[in-house]
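# Report on the structure
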Amino acid sequence: MNSPTSADRERQVYLDNAATTPLDPRVRERMLDWLGTETGYANPASTHAPGRQAAMAVERARAEVAALIGAAEDEIVWTSGATEANNLAIFGAARAHGERRGRRIITLRSEHKSVLEPCRQLAREGYDLVELPVAADGSLDLAQLEAALQEARTCLVAVAAVNNETGVRQPLTEIATLARRHGALLHVDAVQAAGRVPLDVAGDIDLLALSAHKLYGPKGVGALYVRRRPRVRLQPLLFGGGQEGGLRPGTVAVHQVVGMGEACRLARELMDSEPRQLAQLRQRRWSGLQQLDGVVMHGRSDGAPHILNVGFIGVHGEALAAELPRLAASASSACTSAQGAMSHVLRAMGVPEQLAHASLRLSLGRFTTEQEIDLAVEWITAAVDRLRAFSPVWRRWRAGASLDIMYGGA
Ligand SMILES: *Cc1c(COP(=O)(O)O)cnc(C)c1O
């Protein structure tokens, strides 16, 4: 390890890139062109010259988003973020296809709330929702998916390519094949996959959600891929001026979508190098933490390269957070920890509640340095050692007790 200087010790280390990423300066630079008072403010739906210029910028950005996922330009719909994209995909597909394809919707218990909650709302409206369990390592059992598809006619399967809390990847190709075989549409939440693992909608993906602010772009903008050939019809959530082919009316936020376009362009440019760098940093962090005994990885080592979710046996979760004031990381999920409840993702994986609370999601990004990783590992190691000194659970673990005995079973 490099030995950190005293200035480093004052700094915050940001390891919460799965919650949001900083804006890449190159993205900000492009956005500024569309935030002027002299130029760059026209409505892209206007037919005058400045309007047409804005419309061209919007279409260039759309082409960049499309290129990142192997789609065509006319298959990308702008939204306010991935929450809206997931809602539009799920409500839109269920309402347009539920009658013909069947009223069953299949998703996973470990999905992001912006997938689970629209599905649950549809269940309240009379759709037949199946939330499939996941294994202890977070992966989906394809046989269970197939059984759920065989059991009832299904309009939609909704899964994340990469889980936002654990980095676990789901086998999209196999899922797509099963969905297609049973006449169901496939929606993929690709927010955490974009720029980290290869994505190609050519593999029978019908709908796919992206968010700019998880990809070094601005907050408040996202996109939904909607397959054109064969065309996937959606019922819109909003009705208005007919923009985005009527699927998402409202004046397009030019500076936002230009930012998202540039973020996607950079992600594609860096696709050969950045995931490898992230994987190296992740390995450095995992090796560092493994020096501590009693550390459990929630997820799989073949997960997305930027997320590592680890539990520390024999440590109280809140105490751990209090011991790490300079580490900006997430106690499993930003949304979940605000409510103080256990992460529904770790629960779905059968992680004992106390261990789930004593877990950290450390997520790396483009601007994370080796030195930051070393600092974080040093801080965490010191904090965990301090807390374990007083921990009866830790003493029992050291004496050979199993997790089940200590935590009362999973
Ligand atoms: C952050 C996130 C979302 C929501 O994206 P927003 O653009 O913030 O609405 C959806 N799915 C996953 C997997 C995420 O990580």
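Computed from a prediction, not measured in an experiment: that's the story for all the values here. (Residues numbered from 1 in each chain as written. Predicted model: local features only at pLDDT ≥ 70, side-chain atom pairs only at ≥ 80, totals over all residues. Heavy atoms only, no water.)

## Re the pairing of strand E7 (residues 207–211)
- Counted residue by residue, E7 has five buried out of five residues, so it is predominantly covered.
- Burial of the side chains of E7 extends over both faces: Leu207, Ala209 and Ser211 are buried on one face and Leu208 and Leu210 on the other.
- Pairing between strand E6 (residues 185–189) and E7: three bridges, direction parallel. Its bridge partner being in E7, Asp189 is matched across the sheet by Ala209.
- The sheet contact formed by E7 and strand E8 (residues 222–226) spans five bridges and is antiparallel. Across the sheet, the residue bridging to Leu207 is Val226, located in E8. (Buried < 20%, exposed > 50% of the residue type's maximum accessible area, 1.4 Å probe, protein only. Helix = DSSP H or I, 4+ residues; strand = E, 2+ residues; numbered from the N terminus. Pairing = 2+ DSSP bridges.)

## Observations concerning the side chain of Gln256
- Tracing the chain through its elements places Gln256 in helix H8 (residues 254–269).
- Here Gln256 falls in the buried class, since its relative accessible area comes to 13%.
- Aside from chain neighbours lying at most four places away, what touches Gln256 is Met31, Pro218, Lys219, Gly220 and Val221. (Contact = heavy atoms within 4.5 Å.)

## A closer look at the pattern of salt bridges
- One pass over the full model with this rule turns up 27 salt bridges.
- Arg120 serves as the salt-bridge partner of Glu131, at 2.8 Å between the closest nitrogen and oxygen. Of this pair, Glu131 sits in strand E4 (residues 128–132) while Arg120 sits in helix H5 (residues 113–124), and the two are 11 residues apart along the sequence.
- Relative accessible area serves as the criterion here: at 24%, Glu131 is assigned to the partly exposed category.
- Bridged by salt links that share partners, the residues Asp24, Arg26, Glu274 and Arg366 form one connected network. (Salt bridge = Lys/Arg side-chain N within 4 Å of Asp/Glu carboxyl O.)

## Let's talk about the confidence of the model for the protein chain
- Here the protein chain shows a mean pLDDT of 93. Residues at 70 or above account for 95%.
- Throughout residues 333–338 the model reports pLDDT below 50, and contacts reaching past four residues in sequence, or to other chains, amount to nine contacts. (pLDDT = per-residue confidence, 0-100.)

## Focus on the packing of helix H2 (residues 25–32) against H8
- Packing of H2 against H8 leaves a shortest axis separation of 8 Å and a crossing angle of 145 degrees. Where H2 crosses over H8, the handedness of that crossing is right-handed. Residue-level contacts link Arg26, Val27, Arg30 and Met31 of H2 to His255, Gln256, Val258, Gly259, Glu262, Ala263 and Leu266 of H8.
- The class makeup of the residues in the contact of H2 with H8 is five nonpolar, three polar and three charged. (Axes fitted to C-alpha atoms, helices over the stretch in contact; angles between N-to-C directions. Left-handed = near helix turned anticlockwise from the far one by under 90°. Nonpolar A, V, L, I, M, F, W, Y, C, P; charged D, E, K, R; others polar.)

## Observations concerning the site of the ligand
- As a matter of local geometry, the ligand sits amid 13 residues, with Thr83, Asp189, Ser211, His213 and Lys214 nearest to it.
- Note that an oxygen atom of the ligand is positioned 2.8 Å from one of the backbone N or O atoms of Ala82.
- In this structure, Ser211 approaches the ligand through a side-chain N or O atom, which is 2.7 Å from an oxygen atom.
- The fraction of the free accessible surface of the ligand (390 Å²) that becomes covered by protein chains is 88%.
- When residues in the shell around the ligand are grouped by element, the largest group, three residues, is from helix H4 (residues 82–101).
- Of the residues belonging to the shell around the ligand, the class tally is two nonpolar, nine polar and two charged. (Near = heavy atom within 4 Å. Polar contact = N/O pair within 3.5 Å; in protein donor to acceptor, adjacent residues only side chain to side chain. Areas by Shrake-Rupley, 256 points an atom, 1.4 Å probe, with all protein chains shown as cover.)

## Thoughts on the sheet that holds strand E9 (residues 295–297)
- Overall, antiparallel pairing links the three strands, which are arranged E9-E10-E12 in an open sheet. At either end of the open sheet lies a strand with only one pairing partner, and these are E9 and strand E12 (359–363). Direction aside, the axes of adjacent strands within the sheet are offset by 30 degrees on average.
- Relative to E12, strand E10 (residues 307–312) is paired through five bridges, and the arrangement is antiparallel. Residue pairing for E12: Ile307 is matched across the bridge by Ser363.
- On top of the sheet, helix H9 (residues 274–290) reaches E9, E10 and E12; it is set at about 10 degrees to E10, its chief contact.

## Structural notes on the environment of Glu146
- For Glu146, the position within the fold is in helix H6 (residues 142–151).
- Along the primary structure Glu146 and Val221 are separated by 75 residues, whereas in three dimensions their C-alpha atoms are 34 Å apart.
- Not counting residues up to four positions away in its chain, the partners in contact with Glu146 are Leu178, Arg181 and His182.

## Regarding the sheet that holds strand E5 (residues 154–160)
- Read across the open sheet, the seven strands follow the order E2-E8-E7-E6-E5-E3-E4; overall the sheet is mixed. Unpaired on one side and paired on the other, strand E2 (76–79) and E4 mark the two borders of the sheet. Here the average twist between neighbouring strands, direction ignored, is 20 degrees.
- Both E5 and E6 contribute to a ladder of five bridges, which runs parallel. Pairing of Leu156 across the sheet is with Leu185, part of E6.
- Across the sheet, H4 touches E2, strand E3 (104–108), E5, E6, E7 and E8, and the angle it forms with E5 is around 160 degrees.
- Contacting E3, E4 and E5, H6 runs over the sheet at an angle of about 170 degrees to E3.

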